[in-house]
Amino acid sequence: MSEFADAKTVEKVVPQTSAVKSFLSGGFGGIASVLVGHPFDLAKVRIQTSPTGTYKGTFDVFAKSLKADGIRGLYRGMSTPLVGVTPIFAVSFWAYDLGKKIVHAIPGREPRDLNLAEFAFAGFFSAVPTTLLMSPTERIKVILQTQGSGANKLYNGPVDVARALYKEGGMASIFRGTGATLLRDGPGSAAYFVAYEVIKRSLIPAGGTAADLNPLSVLFAGGMAGVAMWTIAIPPDVLKSRLQSAPAGTYKGVADVLRVLLKNEGPQALFKGLGPAMLRAFPANAACFLGVEYSLRAMNLVF
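Given the structure is predicted, the values throughout are model-derived calculations rather than measurements. (Residues numbered from 1 in each chain as written. Predicted model: local features only at pLDDT ≥ 70, side-chain atom pairs only at ≥ 80, totals over all residues. Heavy atoms only, no water.)

### Structural notes on the overall build of the chain
Defined as follows: Only DSSP runs of H or I covering at least 4 residues are called helices, and only runs of E covering at least 2 are called strands; the numbering of each starts at the N terminus. Two things to know: the radius of gyration comes from C-alpha atoms, and the globule rule equals 2.2 Å times the number of residues to the power 0.38. Remark: exposure states derive from per-residue accessible area (1.4 Å probe, protein chains only) relative to the maximum for the residue type, with buried under 20%, exposed over 50%, and partly exposed in between. All accessible areas in this document rest on Shrake-Rupley with a 1.4 Å probe, and a residue is counted as covered only by the protein chains that are shown.
In terms of regular secondary structure, the chain is built from 10 helices and zero strands. For the chain, the succession of helices and strands along the chain, N to C, is α-α-α-α-α-α-α-α-α-α. In terms of overall dimensions, the chain is globule-like: its C-alpha atoms have a radius of gyration of 20 Å, near the 19 Å expected for 303 residues. With the principal axes as the frame, the chain shows a C-alpha extent of 60 × 35 × 35 Å. In the chain, which comprises 303 residues, the proportion classed as buried is 50%. Of the roughly 14,000 Å² of accessible surface on the chain, 68% is carried by carbon and sulfur atoms.

### Overview of helix α10 (residues 274–302)
How we decide: One less than the residue count of a helix, multiplied by 1.5 Å, gives the span that helix is expected to have. Fitting one axis to the seven residues ending at a residue and another to the seven starting there, the bend at that residue is the angle between the two axes.
Look at α10: 41 Å from first C-alpha to last across 29 residues, which is about the 42 Å you get at 1.5 Å a residue. Where α10 bends most, the angle comes to about 35°, and this point is Ala 281, followed within four residues by the proline Pro 283.

### Brief notes about empty space enclosed by the protein
Selection rule: Each cavity reported here is a set of points on a 1 Å grid over the protein atoms alone in which a 1.4 Å probe fits but cannot get out, each pocket an open set with protein on both sides within 12 Å along at least five of seven lines, and each lining residue one with an atom within 4 Å of a point. Grid points are joined across faces, edges and corners, and a volume is the space filled by probe spheres set on the points. Ten residue types, Ala, Val, Leu, Ile, Met, Phe, Trp, Tyr, Cys and Pro, are classed as nonpolar, four, Asp, Glu, Lys and Arg, as charged, and the remainder, Gly among them, as polar.
Across all of its chains, the model carries one cavity of 30 Å³ or more by this definition. The computed volume of the largest cavity comes to approximately 500 Å³. Within the residue set of the lining of the largest cavity, elements represented by two or more residues are α2 (19–49), α4 (79–104), α5 (116–146), α7 (178–203), α8 (215–245) and α10. No other element matches the seven residues that α5 contributes to the lining of the largest cavity. Split by residue class, the lining of the largest cavity holds 12 nonpolar, nine polar and seven charged.

### Considering the layout of surface pockets
There is about 480 Å³ of room inside the second largest pocket. Lining the second largest pocket are 30 residues, and of these Ile 143, Gln 145, Thr 146, Gln 147 and Gly 148 lie nearest its centre. For the lining of the second largest pocket, the elements supplying multiple residues, two or more each, are α2, α3 (58–69), α5, α6 (158–174) and α8. Here the residues of the lining of the second largest pocket are counted per class, giving 11 nonpolar, 12 polar and seven charged.

### Focus: the environment of Phe 93
Here is the rule: Residue contacts follow a heavy-atom distance rule, with two residues in contact if any of their heavy atoms lie within 4.5 Å.
Turning to its location among the elements, Phe 93 is positioned in helix α4. A C-alpha to C-alpha distance of 38 Å links Phe 93 and Gly 53, two positions 40 residues apart in sequence. Filtering out sequence-adjacent residues up to four positions away, Phe 93 remains in contact with Ser 22, Gly 26, Phe 193, Cys 288, Phe 289 and Val 292.

### Topic: the pattern of salt bridges
The test is simple: Salt bridge, as used here, is a side-chain nitrogen of Lys or Arg placed within 4 Å of a carboxyl oxygen of Asp or Glu.
Applying the stated criterion to the full structure yields 22 salt bridges. Residues Glu 138 and Arg 184 are paired through a salt bridge, measuring 3.1 Å at the closest nitrogen-oxygen approach. On the criterion of sequence distance, the pair formed by Glu 138 in helix α5 and Arg 184 in helix α7 is long-range, its members being 46 residues apart. Residue Glu 293 is joined to Lys 200 by a salt bridge in which the shortest nitrogen-to-oxygen separation is 3.7 Å. Placement of the pair is Glu 293 in helix α10 and Lys 200 in helix α7, with a sequence separation of 93 residues.

### Section: the UniProt feature "repeat: Solcar" (unreviewed entry) in the chain
The criterion, for reference: UniProt positions are given in the numbering used here, feature names are shortened, and annotations may be inferred rather than shown by experiment.
UniProt's entry tags residues 17–102, 114–202 and 213–298 with the feature "repeat: Solcar" (unreviewed entry), counted in the numbering of this structure. As a span, residues 17–102 carries 78% helix and 0% strand, and end to end its C-alpha atoms are 13 Å apart.

### Considering the packing of α2 against α8
Applied cut-off: Axes here refer to lines fitted to C-alpha atoms; in helices the fit is confined to the stretch in contact. Angles between the N-to-C directions go from 0 to 180 degrees. The hand of a helix crossing depends on one turn: near helix anticlockwise from the far one by less than a right angle means left-handed, and clockwise means right-handed.
Two elements in contact, α2 and α8, have axes whose closest approach is 9 Å; the angle formed by their N-to-C orientations is 65°. The chirality of how α2 crosses α8 is right-handed. Contact residues: Lys 44, Val 45, Gln 48 and Thr 49 in α2; Trp 230, Ile 234, Asp 237, Val 238, Ser 241, Arg 242 and Ser 245 in α8. Residues belonging to the contact of α2 with α8 are distributed by class as follows: four nonpolar, four polar and three charged.

### What to know about a nonpolar patch on the surface
Basically, it comes down to this: For patch detection, residues must exceed 30% relative accessible area and be free of salt bridges, and they are connected within 9 Å for like charges or within 5 Å for nonpolar side chains (Val, Leu, Ile, Met, Phe, Trp, Tyr).
On the surface, Val 20, Phe 23, Leu 24, Phe 28, Trp 94, Leu 301, Val 302 and Phe 303 cluster together into a nonpolar patch covering about 850 Å² of accessible area. When residues in the nonpolar patch are grouped by element, the largest group, four residues, is from α2. Looking at where Phe 28 falls in the secondary structure, it is placed in helix α2.

Here you go:
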């Protein structure tokens, strides 16, 4: 990884992608990610928000969901992220590209590619605008994923949830957990994009470019990026899920969630859902980056 070792090393600068292409390719990647990873996300949220002992693990969630609702039960709550995923991931990759351009535009900076710290900045920066879309989407998704089945079902879909939340507390209720979402996605996105860039570059053939990577290399780099993100994102994700799924007035904020969780369940509870998150991380993010890279290549051929 010598190209990242010395920030003063001058090297060939990777051509910058247009904002439109970054936006559209991110949307394609996001759709691929949700289709592959949603059942694992459902398992993660169920384990994080249910009383200890409710589920034995990821596959116990799958078994109980299949028994209660059939195959559709594994995709409960997917309509919200699937509808919202195009703008969310599109904004994420657009903002990541913008973050890299901000670094390149720093006065007096040498014309070289980004180093690790600069990639981390661009990754963290990408989470800031993305959070404004991610937080309400995740709030609705979590509620749909954790509601009961049959006679215990409270909501008919995302619009029904949004209407109820607005009636309960206005836009503040819909956006509950925004701070917790940024707490998760800021550092998580930094790790995500740094891991992808480092692994991708290590797999480029000698004398080649990123365009020479084969699909398996892209899948591996994308999958490992997801693993890197969720390695550090699970504790704030647990806090976010608890805060977003709890009835109004249960917690004063994310710090209060942390206090109650540590008091009642101990620090190990901060890692609830780690299993399904890791099971989901590799295939979902491998699919995401494959969608991003190959939709971008297709657009580059067309315009």
